[in-house]
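Now for the letters of each chain:
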Amino acid sequence: MLLFGLIFISSCNKLENVADGVKLIIDYNLIETTVDVQFFDAATGELIGRNGDVSVNVKITGPDKDGVMDITGVQNEDNQYSSQRGIVGLALIPEAAYMPSESRPVVFNMVTELSGYLSTSQKFTVVSEGRNQYRINMVRLDNPPQGVAVNRESGVTSAINGRIESPATVSTSSGKATIEIPADIVMRDSGGNPLSGSINVDVIHFDNTNDEALAAFPGGLMPTVTRADGSVADGMFYSAGFVAIEITDASGRHAATFENGTVRMEAIVSPETYNPETNSPVAAGDEVPVWSYDENTGEWKEEGSTTMQLVNGQLVADFPLTHLSYYNFDWFYGDYCYQGAAFQFMADSPITGCFLMQGTMYRQDDNSYLMDVYFWICPDEPVYTSYAPSGIPVKIVWGEGSNSTIAVAPSSQPTLINDLCASSPIQVDLVYSPGNTTTITIDVEAYCASEPNVIIRPSFSAWYCAINSWNWMPVTMENGYAEIMGVEVGETYMVGVYYDNQWHETEVVVTTEEYTYVGIELPTEVCDEVFGY
Amino acid sequence: MSAQELYEDVEYTSEESIDESRLGIGVGIKMSTFGPGIEAIAAISPKFHLRLGGTFMHYTYHHDDKNIEVNGSADAHLSSVSLFANYHIARIFFVSGGILYNMNEIGLDGFFTKSMTIGSLEVEPERIGALDFKIKPGSSLTPYAGIGIGRSLSKNGVVSFAIEAGAAFHGNPKVELKATGMLEPTGSEEQRQQLEDNLAGFNIYPMLNFQLSFRLL
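Note that the coordinates shown come from a computational prediction; the quantities given were computed from them, not determined experimentally.

(A) Local environment of the overall build of chain B. Within chain B one finds three helices and 13 strands. By residue count, 33% of the 217 residues in chain B fall in the buried class. Across chain B, every contact between residues at least 6 apart in sequence was considered, and the portion connecting residues at least 24 apart equals 64%.

Laid out in structure tokens, this is it:
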């Protein structure tokens, strides 16, 4: 009996150690839809703040703003976020109300601001779950891209209690946009406060025949508009030019409304501009709608129309402004589809991992820039166009993808498409040349110091780039596991993640195919915000 | 038969009084750490008994309290088929040995009853998932050894009583670990192996058996 007593006692002691080394491991896989946005300088093509020196301030507005959050599941106060390394990683709340579908797209607007850059915004229409990649080109006012002319003049006139004392005229250096401010007009900011003191004026003109300018077009060329009759429509702009005007006083108040008169805006329109209503270049006598932009909603409002006039041999469009905004001369084409044709990316040899393909879409009618497109391609998963113009022939010129080993075959460069909303699939041929590259796997586990036995295996977007290249490419991490294909043995790469308005990165010298990062301690504030401990 | 008579049946059993020619068979009921069961006993000789038995018990405890975050259940499935031999080494003492077909299985499961708040998200219990943990003997065929007092088959009477303690050597326990939802990685092979390693010392299952037997022939 003594023997059995000892056995029991021994067993009890051992029971205390049964759970030793065993953890509660959580697959932090709550996110179904991610929205990754990269901010580029429109002139240099570089990520804004790639060195970590500046951050773009982002505010989410629009009908589904409450469905947008940080990828850790935290929704910031006032829906405001800031970029790191030129990247913002957001996600949709995985609730039924924000489950994107063709019948119920999730729509929100991203208002972006950065000192020294023209404020802009971009509307996002998400129609399916998965990874969504976007690009916003921002115009640096002291170094604009080709096709964008900026004139910033200080002290052009003055105001007393909102009333402009003397008339002023400000033009861009190219002379393509001019505003005329009459005397005695009263200017107030959006809060109804009158401007006073010295008046500064910024006039920025976007040339509609220049691709760089169109790519930096605030709000893009696939907008939601409110027509003159009050109806709301989605569709596509055929642009005849864009003018951004900012009027500020000495206190920094921005003019928003006018009383006792109008400000005259005049723009010179390129004769190469395509008029879709006449299917020919624009001509004197053609009528073009005028739109104002609400950057909070990312939507354009039809203010009226103007008739092209021939003045000194140049086509001129002018319009009296009753309030201050960004203005646009555009023909609107309202036929589109939320989810269009399927793309089939066919490689000449099997590709096992996921990768990103980027392209620029042009309209075939006038060969003008339409939008940047991104496709996140995974084996055996269909890829669809979303929010595409219907019945309009377009072409996609493919750029570099996320992987240097994958290129679009000459037979598909560019890819010509008659109708993005047709049911027939669009085939894009790829050439896969793995060469001296390999595929590495990364295994990540993190924890909070206050709960070391709870291990978190993250699932969200990550980024990587060759060291010092700054060309961050996306990679998906699921359940703490990420696979990066096409990296070169011996080369050094940076792998980073964006969450909680912060950027975290690590350097990886590729010497083996498997990298394990366990025991990463999460910042206390993240543990507190996300897990509550 | 009273307890006193049972005691006397055990008490009068002695080396001197054993009738070497008295063979017999009987049946018994028992309550053991393998659960309640029955047994057929054959007395090959007064000192040597063969026992073929079986046990079965299934007990489930559900902890169901919506006021706390985690509920679960414990499930004990105890069953065995045994073939033992008893040899009386002294007046009322015997040693026992044999083999068990061990079908014991202990299970625990747990699941969340309330949503969890993660950041701005309310995560439903179904999404969080559940944990299911089972322990089985390392070997189904389990050698057994024990010692006892009393008789598994009465020498001269009808009823006998025996108490027995021993150990079944079932080998290092096998662990099944399953997890669903967000907890799925908790059920990884590494975690399961870690639990098996931690339980590796528990290779003996203690046996305590109380048996009441009836001589038929």
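Having seen the model, we can carry on.
(B) Region of interest: the overall build of chain A. Within chain A, the secondary structure is distributed over three helices and 43 strands. Counting only C-alpha atoms and orienting by the principal axes, one finds that chain A spans roughly 110 × 55 × 45 Å. Counting across all 533 residues of chain A, residues that qualify as buried make up 45%. At a minimum sequence separation of 6, the contacts of chain A that also span at least 24 residues come to 71%.

(C) Fine view of helix α3 (residues 524-531) of chain A. Of the positions making up α3 of chain A, those classed as buried are Val 526, Cys 527, Val 530 and Phe 531 of chain A. Looking straight down α3 of chain A, one finds its buried side chains confined to an arc of 100 degrees; they lie on one side. In α3 of chain A, the exposed residues that point more than 90 degrees away from the buried face are Thr 524 and Glu 525 of chain A. Buried residues in α3 of chain A make contact with β36 (437-448) of chain A together with β7 (116-118) of chain B.

(D) Region of interest: the sheet that holds strand β3 (residues 57-61) of chain A. All names here are of chain A. The strand order across the open sheet formed by four strands is β5-β3-β7-β8, and the pairing between neighbours is antiparallel. The outermost strands of the open sheet, each flanked by one partner alone, are β5 (80-82) and β8 (120-126). Across the sheet, the mean angle from the axis of one strand to that of its neighbour is 25 degrees, orientation sign disregarded.

(E) Seen up close, the interface of chain A and chain B. Taken residue by residue, the interface counts 29 residues in chain A and 23 residues in chain B. For the side of chain A that touches chain B, the leading source of residues is helix α1 (residues 2-15) of chain A, giving five residues.

(F) Molecular detail of the sheet that holds strand β2 (residues 33-41) of chain A. Residues and elements named next belong to chain A. Overall, mixed pairing links the four strands, which are arranged β4-β6-β2-β9 in an open sheet. Pairing within the sheet leaves two strands with one partner each, and these edge strands are β4 (68-70) and β9 (130-138). The mean inter-strand angle of the sheet, taken between neighbouring strand axes irrespective of direction, is 30 degrees. As paired elements, β4 and strand β6 (residues 87-92) share three bridges and run antiparallel to each other. Bridge pairing in β6 links Met 69 to Ala 91.

(G) Geometry of the nonpolar core. Counting 169 residues, the largest nonpolar core has Met 138, Val 243 and Val 269 of chain A as the members making the most contacts within it. Those residues in contact with Val 243 of chain A, other than ones at most four positions away along the chain, are Ala 177, Val 203, His 205, Met 265, Ala 267 and Tyr 327 of chain A.

(H) View of the domain arrangement of chain A. Residue and element names in this part refer to chain A. In terms of domain boundaries, chain A breaks down into domain 1 (33-136), domain 2 (148-333), domain 3 (337-432) and domain 4 (437-531). If you average the C-alpha positions of domain 1 and of domain 4, the two centres end up 21 Å apart. Secondary structure elements with two or more residues in the side of domain 1 that touches domain 4: β2, β5, β6 and β9. Considering each element in turn, the side of domain 1 that touches domain 4 owes the most residues, three residues, to β6. Among the residues making up the side of domain 1 that touches domain 4, the classes are represented as six nonpolar, seven polar and six charged.

(I) Spotlight on the pairing of strand β32 (residues 394-398) of chain A. Residue and element names in this part refer to chain A. Side chains of β32 alternate between two faces, with Val 394, Ile 396 and Trp 398 buried and Lys 395 and Val 397 left unburied. Two strands pair when backbone bridges link them, and strand β29 (residues 355-363) and β32 are joined in this way by five bridges, in the antiparallel orientation. The residue bridging Arg 363 from the neighbouring strand is Val 394, located in β32. With three bridges joining them, β32 and strand β34 (residues 415-417) adopt antiparallel strand pairing. Bridging across to β34, Val 394 finds its partner in Ile 417.

(J) Region of interest: the environment of Arg 215 of chain B. All names here are of chain B. Mapping Arg 215 onto the fold places it in strand β13 (residues 204-215). According to the C-beta neighbour criterion, Arg 215 is buried, with 21 such atoms within 10 Å. Apart from residues no more than four positions distant in its own chain, Arg 215 is found in contact with Gly 24, Gly 26, Leu 153, Ser 154 and Val 158.

(K) Layout of the environment of Ser 349 of chain A. Residue and element names in this part refer to chain A. Looking at where Ser 349 falls in the secondary structure, it is placed in the loop between β28 (336-347) and β29. Of the residues examined, Ser 349 has 9 C-beta atoms within 10 Å and is grouped as exposed. Separated by 161 residues in the primary sequence, Ser 349 and Val 510 place their C-alpha atoms 24 Å from one another.

(L) Representation of unusual backbone geometry. Residue and element names in this part refer to chain A. Looking along the chain, the bond that leaves Gln 413 and enters Pro 414 is cis, with omega of -5 degrees. Among the secondary structure elements, Pro 414 is positioned in the loop between β33 (406-408) and β34. A positive phi is found at Asn 79, a non-glycine position, where the angle reads about 55 degrees. Relative to the assigned elements, Asn 79 resides in the loop between β4 and β5. On the basis of neighbour count, Asn 79 is assigned to the partly exposed category, with 19 C-beta atoms found within 10 Å. Positive phi, normally seen in glycine, also occurs at Asn 312, with a value near 50 degrees. You can see Asn 312 is positioned in the loop between β25 (309-311) and β26 (314-321). What makes Asn 312 exposed here is the crowd of 6 C-beta atoms within 10 Å.

(M) Fine view of the environment of Gly 435 of chain A. With respect to the helices, strands and loops of the structure, Gly 435 of chain A is situated in the loop between β35 (426-432) and β36. Judged by local crowding, Gly 435 of chain A falls into the exposed class, with 10 C-beta atoms found within 10 Å.

(N) Focus on the pairing of strand β42 (residues 502-509) of chain A. Looking at chain direction, strand β41 (residues 492-499) of chain A and β42 of chain A are connected through eight bridges and run antiparallel. The partner of Val 495 of chain A across the bridge, within β42 of chain A, is Thr 506 of chain A.

(O) Quick peek at the confidence of the model for chain B. Per-chain confidence: chain B averages 87 in pLDDT, with 90% of residues scoring 70 or above. Below pLDDT 50 for its whole length, residues 1-18 of chain B participates in 22 contacts with residues either more than four positions away or in separate chains.

Calculation criteria
Residues numbered from 1 in each chain as written. Chains lettered and ligands numbered in written order. Predicted model: local features only at pLDDT ≥ 70, side-chain atom pairs only at ≥ 80, totals over all residues. Helix = DSSP H or I, 4+ residues; strand = E, 2+ residues; numbered from the N terminus. Buried ≥ 20, exposed ≤ 12 C-beta atoms within 10 Å, placed from the backbone. Contact = placed C-beta atoms within 7 Å. Arc of directions from axis to C-beta. Pairing = 2+ DSSP bridges. Axes fitted to C-alpha atoms, helices over the stretch in contact; angles between N-to-C directions. Core = buried A, V, L, I, M, F, W, Y, C linked by C-beta atoms within 7 Å. Domains from an automatic or database assignment. Nonpolar A, V, L, I, M, F, W, Y, C, P; charged D, E, K, R; others polar. pLDDT = per-residue confidence, 0-100.

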